[in-house]
Protein chains: 2
Amino acid sequence: MNILTQQAQFDHPCPIRNVLHRIGDQWSLLVLETLSRKTLRFNEIGREINDISKQMLSRTLKRLEQDGFITRTVFAEVPPRVEYALTDVGRSFLVPMQALVQWADANHATICESRRQY
Amino acid sequence: MNILTQQAQFDHPCPIRNVLHRIGDQWSLLVLETLSRKTLRFNEIGREINDISKQMLSRTLKRLEQDGFITRTVFAEVPPRVEYALTDVGRSFLVPMQALVQWADANHATICESRRQY
DNA sequence: CAGTATCCAATGTGATACTG
DNA sequence: CAGTATCACATTGGATACTG
């Protein structure tokens, strides 16, 4: 049992299970990547990602906000305006995340080929 | 729509969806981390991770093998011996992965606190 | 505009019995 | 030892109607 799995006995303080598995869903990384360039409104994010449902966008944003990756700012206007932006934590996450995305991009073809040959 | 989501229209050549989402499950990163130190047998990996079922270990290993992250070597012995090891692709993945794990480790407490306060 | 509520399908996970 | 088969349950995801 290694250092990362060891503590999982108690209340899963294992960062892989508690942090990475959480953002390892279908949309979190895409949302963070979309917000990395600029602050956006709810529907703007949806249009950027293009094929995410309002439902999943809503849930994903709420979880990212809960985990402290993004902020949600409501403006008292009509029609309502809500802006989402990265926090410092979210912005610092971008560094390892972009390294991962670059790796995935560079090895994408190789992995697809490996799957085909299997 | 950004460069990462743009191509997703066709057959999801988006590396986030096709590569990262796949290893974003509960066990893949833990298995890769476990194999990063040395080649191991099936049950050895299970003992290291400690609370993974044979079922999920089997499935996770198969997917990682299919994607080309690990190799599976069967020795013609009795009792049977099967060893799992990282491929070059798997080993290269370790670099961005470890950066991510370190980030998760460093920000684990902050994120948990953010969840509690929500 | 920015969501929530509801319902349903697909996938992921767990426990355990069984096999070569 | 190294798995697979089966069943059950949890979580995730998708579509869409509805609301302030």
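Residues numbered from 1 in each chain as written. Chains lettered and ligands numbered in written order. Predicted model: local features only at pLDDT ≥ 70, side-chain atom pairs only at ≥ 80, totals over all residues. Heavy atoms only, no water.

**A look at the relation of the copies chain B and chain A**
Screw-axis analysis of chain B against chain A gives a translation of 0.0 Å along the axis, an RMSD of 0.0 Å, and a rotation angle of 180°. Both copies are brought into coincidence by an operation consistent with a two-fold rotation axis. Relative to the rotation axis, the C-alpha of Gly24(B) is the closest in chain B, positioned 2.0 Å from it. (Least-squares fit on C-alpha atoms with pLDDT ≥ 70 in both.)

**As for the state of the cysteines**
Inspection of the entire model under this criterion finds zero disulfides over all chains. Left without a disulfide partner, Cys14(A) is nearest to the cysteine sulfur of Cys112(B), which lies 11 Å away. (Disulfide = S-S within 2.5 Å.)

**Some details on the interface of chain B and chain A**
Size of an interface, as often reported, equals the accessible area lost when the parts are brought together. On the side of chain A, 55 residues touch chain B, which itself brings 55 residues to the contact. For the pair chain B and chain A, the summed buried area comes to about 5000 Å², and 63% of that belongs to carbon and sulfur atoms. Between the two partners, chain B and chain A, sit four salt bridges. Residue Asp51(A) pairs with Arg17(B) through a salt bridge whose shortest N-O separation is 3.0 Å. Summed over the shared surface of chain B and chain A, the number is 16 residue pairs in polar contact (both at pLDDT 80 or more). Of all elements in the fold, only α1 (3–6), α2 (15–20), α3 (28–35), α4 (42–49), α5 (54–66) and α6 (88–117) of chain B reach the threshold of two or more residues within the side of chain B that touches chain A. When residues in the side of chain B that touches chain A are grouped by element, the largest group, 18 residues, is from α6(B). Of the residues belonging to the side of chain B that touches chain A, the class tally is 25 nonpolar, 17 polar and 13 charged. (Contact = heavy atoms within 4.5 Å. Buried area = accessible area lost by both parts, 1.4 Å probe. Salt bridge = Lys/Arg side-chain N within 4 Å of Asp/Glu carboxyl O. Polar contact = N/O pair within 3.5 Å; in protein donor to acceptor, adjacent residues only side chain to side chain. Helix = DSSP H or I, 4+ residues; strand = E, 2+ residues; numbered from the N terminus. Nonpolar A, V, L, I, M, F, W, Y, C, P; charged D, E, K, R; others polar.)

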